[in-house]
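Below, each chain spelled out in residue letters.
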Amino acid sequence: MVDLAVIGAGPAGCATAIWAAARGLNVLLVERSQFPRFRPGECLHPGIEVLFRDLGVFDKVLEKSSVRPSTRTVISEGCRSVESFGVDDNGPWQALHVSRADLDAILLTRAQQLGVTLHIHRSRVIPISSNGKIEGVEFDGRIFRCAFVVDASGQGAWLTRSLGRKYLPASPCLTAFYGYCHGHLPEGQLFEASTAGWQWMAQVSADVVNWTSLHFGVHQKPLPPATMSSLSSCGRNGGADVTWRIAPSVAGPSFFITGDAAFVTDPACGNGVLRAVMSGIKAAYNARAILTGQATQAEAAQDYRTWMKHWFEADTAQLTHLYETLRKDWRAPNSLAITQHPAFELKSI
Ligand SMILES: Cc1cc2nc3c(=O)[nH]c(=O)nc-3n(C[C@H](O)[C@H](O)[C@H](O)COP(=O)(O)OP(=O)(O)OC[C@H]3O[C@@H](n4cnc5c(N)ncnc54)[C@H](O)[C@@H]3O)c2cc1C
């Protein structure tokens, strides 16, 4: 019997586990891959600094972050501008560029130092439900009872799929492609948008530049930025389905869904890891509020659903605004209608 069973040990799952374990909860972390496992997305929004400090990992992440831009250069319809991330009394806000393998290792080590038990499983993880609640998980022939299950399985979408539910799409099909080259990008971060889509380049270590591109209606062939063609490629390249979508229920009796498992927007938002970490902390916070009698199950789940819904609506509104300025024919999704759909906010399992 554990307090929390967390499925997936990426940023969302580790943030949940660390926050909960640091406050005395008993946490089981269940992962299907051996680490290091590859994930794109090395550019972390400056807002993540305060969360990493709370989780006790900021200094370690800083050690591994060799590039910290405080601005990004944006080229849209041929016009070039430099945008600052923000500034406060301590100076300009700086992004953290860090390899995902390093970030995963730092988060996982911290979780294990706090007493979190990690299981790498070989068989399918099955949710165990009874009386309309999820009461545990079963895998590799073992059953673990728990007060709460947190789905942090990213695009694996473990719980939503296990319950036979479908994500609610909020955009046309979108595919993002990515790759890496040896080279130097003076701007640190460069975002270039046109009617065809956008491309994003970032210096992710001393001599490696990452590129990510999204071309409307293109799903098969990666289109690296022309400026990258003279550089030698290195590392992985590939594509990912980044159609905007949200799980029909992101919280309910005894479960919370975090990070990409809760919702996906495309990487132009630039906050996927921030959202994963913040939603992981929020899920742990709300679970603890129930366990300590500060909130009822219904209140904590409703609070989490509303919080995630507002974030999804804000991100999709921001992206819609960007794409509508690029293309007159952009089919504007109505994320408000999605989150008011009867299938959204399902409260039971
Ligand atoms: C091309 C591209 C570029 C991106 N660039 C950026 C960027 O620059 N900055 C940024 O902030 N974000 C970026 N993102 C988004 C970011 O990568 C994700 O938002 C982030 O990884 C989500 O974290 P997560 O913990 O929810 O999921 P993940 O990091 O995917 O972790 C989920 C974990 O769950 C495990 N898992 C899955 N199913 C199961 C199961 N059934 N049982 C057990 N374990 C399971 C997986 O093995 C994995 O370890 C990018 C995304 C893409 C596609």
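Our structure is the block above this text.
Keep in mind that this is a model prediction, so the values were computed, not measured.

Parameters at a glance
Residues numbered from 1 in each chain as written. Predicted model: local features only at pLDDT ≥ 70, side-chain atom pairs only at ≥ 80, totals over all residues. Heavy atoms only, no water. 1 Å grid on protein atoms, 1.4 Å probe; cavity = no way out; pocket = protein on both sides within 12 Å on 5 of 7 lines; lining within 4 Å. Points joined across faces, edges and corners; volume = space filled by probe spheres on them. Helix = DSSP H or I, 4+ residues; strand = E, 2+ residues; numbered from the N terminus. Nonpolar A, V, L, I, M, F, W, Y, C, P; charged D, E, K, R; others polar. Expected span 1.5 Å × (residues − 1). Buried < 20%, exposed > 50% of the residue type's maximum accessible area, 1.4 Å probe, protein only. Salt bridge = Lys/Arg side-chain N within 4 Å of Asp/Glu carboxyl O.

A. Summary view of the layout of surface pockets. Estimated volume of the second largest pocket: approximately 230 Å³. The wall of the second largest pocket is formed by 13 residues, among which Glu49, Asp88, Asn90, Pro92 and Trp93 lie closest to the centre. Counting only elements with at least two residues in the lining of the second largest pocket, the list comes to helix 2 (48-55), helix 3 (58-64) and strand 7 (91-92). Classifying every residue of the lining of the second largest pocket by side-chain character gives five nonpolar, four polar and four charged.

B. Expanded view of helix 7 (residues 272-291). Between its terminal C-alpha atoms helix 7 stretches 29 Å, which fits the 28 Å expected from 20 residues at 1.5 Å a residue. Across the 20 residues that make up helix 7, a large majority, 15, are buried. Directly after helix 7, the chain includes Gly293, whose backbone phi takes a positive value near 80°.

C. Structural context of the pattern of salt bridges. By the definition in use, this model includes eleven salt bridges. A salt bridge links Asp329 to Arg327, with the nearest nitrogen and oxygen atoms 2.9 Å apart. Asp329 sits in the exposed class, given a relative accessible area of 54%. Connected through salt bridges with shared partners, the residues Glu49, Arg53 and Arg68 form a single ionic network.

Remember, this is a structural readout, not a statement about activity or role.
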